[in-house]
Amino acid sequence: MLAELSEWFWQERLWFPKGLGWADLVDRDGRVYAKANDLWVALPIALVFLIVRQIFERTVATPLASLLGVKETVRLKAPHNPTLECYYCNISKTPSQVNLCKQTGSSERQIQRWFRRRRNQDRPSLLKKFREASWRFTFYLLAFIAGLASLIDVSTSAILPLYFDTLLPSQYWYYMIELGFYGSLLFSVASDVKRKDFKEQIVHHVATILLISFSWCVNYIRAGTLIMLVHDSSDYFLESAKMFNYAGWRNACNYIFIIFAAVFIVTRLIIFPFWIIYCTWVYPVTIYKPFFGYYFFNGLLMTLQCLHIFWAILIIRIAIRFLTSNEIEMTSNGSKRAKAVIKMKKDELFTGNSPL
């Protein structure tokens, strides 16, 4: 049954245009092509990333947080109350004072205070958010540099799908490391800081893993490499802005965020749709007739583009708030200084995972 299903799923007419097939991806004459079995390498890499992350956060991120002055606020713990705890965990995190007042014999104000403190206990600490941002910043920066190295001397025509060029070692490891990293993000999503766009992040992780895996299996290596590079180009700016925000370096955070917003809009709302998607959606139909793999690949790209638009709206709103809310305040010595005011709320900033 499974063998028949696998044979049907991988039939050539689904994934290749007419006249091409899996035989064209067999190694020959010194040329090496991507193979589906290679993707299993990403699983141990993902586990290694989870281990390395724990070591990095303890040995690098925590001392760095102390150096930059990340300070934790003291949070008062809610006193033990089984009735309120049961209501909080199973019904709602906001109290219904009338019923709870009767059940616990507490006043309405006491119940509100208990729920406020209990919600604060569940919020991630500033140090946890800083360590997560510093880990992502380190990876995205190194991944961007690695992507540049793997695309040296690559012509524009090489990004087209089904471009049967030999697989380079740099491309192999770039793909496996990127896939392993996003696999580790999917594994750790339950313990990472949860934000307003949590569902969108799940969609993003799944779409990214599918897109990387599919482009690898059918040798869309050049296209996939360029797409990952375009997305990695902005993510490390966001994560560095978060780090400075958590450390209280407001001006540095604001200016880096504006740079991030500009790079994000250029790469994901201009270069990605009007150059990359054009090369994978519009140009190929001038060479061969559309087929299922063509629609599947571009469908994943359009899913990512929808997420780009969703996140761009959030980014533009924050950028506008920054640009339009400059305040003039008096310093202690009477001189004036301009202070850029921007509140980078955790619910408004997405995690910075580079789609693909």
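Keep in mind it's a predicted model, so treat the numbers as computed, not measured. (Residues numbered from 1 in each chain as written. Predicted model: local features only at pLDDT ≥ 70, side-chain atom pairs only at ≥ 80, totals over all residues. Heavy atoms only, no water.)

Another point: the overall build of the protein chain. Summing up its helical and strand segments, the protein chain has 12 helices and 2 strands in all. Overall, the protein chain shows an N-to-C arrangement of helices and strands of α-α-α-α-α-α-α-α-α-α-α-α-β-β. Within the span of the protein chain, comprising 356 residues, buried residues form 46% of the whole. Contacts spanning at least 24 positions in sequence make up 80% of the contacts within the protein chain whose residues lie at least 6 apart. If you sum the accessible surface of the protein chain, you get close to 18700 Å²; carbon and sulfur atoms cover 64% of it. (Helix = DSSP H or I, 4+ residues; strand = E, 2+ residues; numbered from the N terminus. Buried < 20%, exposed > 50% of the residue type's maximum accessible area, 1.4 Å probe, protein only. Contact = heavy atoms within 4.5 Å. Areas by Shrake-Rupley, 256 points an atom, 1.4 Å probe, with all protein chains shown as cover.)

Further remarks concern the side chain of N245. Checked against the element boundaries, N245 lands in helix α10 (residues 221-247). Polar contacts involving the side chain of N245 include one to the side chain of R250, which spans 2.5 Å. (Polar contact = N/O pair within 3.5 Å; in protein donor to acceptor, adjacent residues only side chain to side chain.)

Before going further, it helps to examine α10. At 3.6 residues per turn, the α-helix brings residues three or four places apart onto the same side. Taking 1.5 Å of rise per residue, the 27 residues of α10 would be expected to cover 39 Å, and the 39 Å separating its terminal C-alpha atoms lies within 8% of that figure. Looking one or two residues beyond α10, the residue adopting positive phi is G248, at roughly 85 degrees. (Expected span 1.5 Å × (residues − 1).)

Moving on, we come to a nonpolar patch on the surface. A contiguous nonpolar patch, built from Y278, W281, V282, Y283, I287, Y295 and M302 and spanning about 680 Å² of accessible area, is present on the exposed surface. Of all elements in the fold, only α11 (250-282) and α12 (292-324) reach the threshold of two or more residues within the nonpolar patch. The leading source of residues in the nonpolar patch is α11, at 3 residues. For Y278, the position within the fold is in helix α11. (Patch = residues over 30% accessible without salt bridge, like charges linked within 9 Å, V, L, I, M, F, W, Y side chains within 5 Å. Salt bridge = Lys/Arg side-chain N within 4 Å of Asp/Glu carboxyl O.)

Let us look at the packing of helix α7 (residues 126-150) against α10. Relative to each other, α7 and α10 sit at 150 degrees, their axes nearing to 7 Å. Between α7 and α10, the crossing angle belongs to the class labelled roughly antiparallel. For the pair α7 and α10, the sense of crossing is left-handed. (Axes fitted to C-alpha atoms, helices over the stretch in contact; angles between N-to-C directions. Parallel < 35°, antiparallel > 145°, perpendicular 65-115°, else oblique. Left-handed = near helix turned anticlockwise from the far one by under 90°.)

The biggest cluster of nonpolar side chains holds 65 residues, and the ones touching the most others in it are F181 and W216. Those elements that place two or more of their residues in this core are α2 (12-15), α3 (42-68), α7, α8 (169-187), α9 (198-217), α10, α11 and α12. With 11 residues, α12 is the largest single contributor of residues to this core. Setting aside residues up to four positions removed in sequence, W216 forms contacts with A34, K35, D38, L39, L167, Q171, Y172, Y175, M176 and I221. (Core = buried A, V, L, I, M, F, W, Y, C linked by side-chain atoms within 4.5 Å.)

Take the UniProt feature "transmembrane region" (unreviewed entry) in the protein chain next. Here, the residues flagged by UniProt with the feature "transmembrane region" (unreviewed entry) are residues 39-56, 137-160, 172-190, 202-221, 255-283 and 295-320. Along residues 202-221 one finds 85% helix and 0% strand; the C-alpha atoms at either end are 24 Å apart. When the span residues 255-283 is considered, its composition is 97% helix and 0% strand, and the gap between its end C-alpha atoms is 38 Å. (UniProt positions renumbered as here; feature names shortened; annotations may be inferred.)

So, on to the packing of aromatic side chains. Applying the stated criterion to the full structure yields 27 aromatic pairs. Where F292 meets F296, the ring centres are 6.0 Å apart and the plane angle is 25 degrees; that geometry is what we call stacked. Taken as a pair, F292 and F296 lie in helix α12 at a separation of 4 residues, close to a single helical turn. The class of F292 is partly exposed, set by a relative accessible area of 40%. Grouped by ring-pair contacts, the aromatic residues F49, F56, W135, F139, Y140, F181 and Y182 constitute a single cluster. (Phe/Tyr/Trp six-rings, centres within 6.5 Å; stacked < 30°, edge-to-face > 60°.)

Now for the confidence of the model for the protein chain. Residues with a pLDDT of 70 or more make up 81% of the protein chain, whose mean pLDDT is 78. Confidence, read as mean pLDDT per element, is least for strand β1 (residues 326-330) in the protein chain (35) and greatest for α3 (93). Considering only residues more than four positions removed or in separate chains, one finds that residues 155-162, a stretch of pLDDT under 50, has 24 contacts. Low confidence marks residues 326-356, where pLDDT is under 50. Its contacts with residues over four positions away, or in another chain, come to 103 contacts. (pLDDT = per-residue confidence, 0-100.)

Glancing now at the packing of α8 against α9. Where α8 meets α9, the axes come as close as 10 Å, and the angle between the chain directions of the two elements is 155 degrees. Put simply, α8 runs roughly antiparallel to α9. By crossing handedness, the relation of α8 to α9 is classed as left-handed. In this structure, α8 uses Q171, Y172, Y175, M176, E178, L179, Y182, G183, L185 and L186 to contact α9, whose residues at the interface are H204, H205, T208, I209, I212, S213, S215 and W216.

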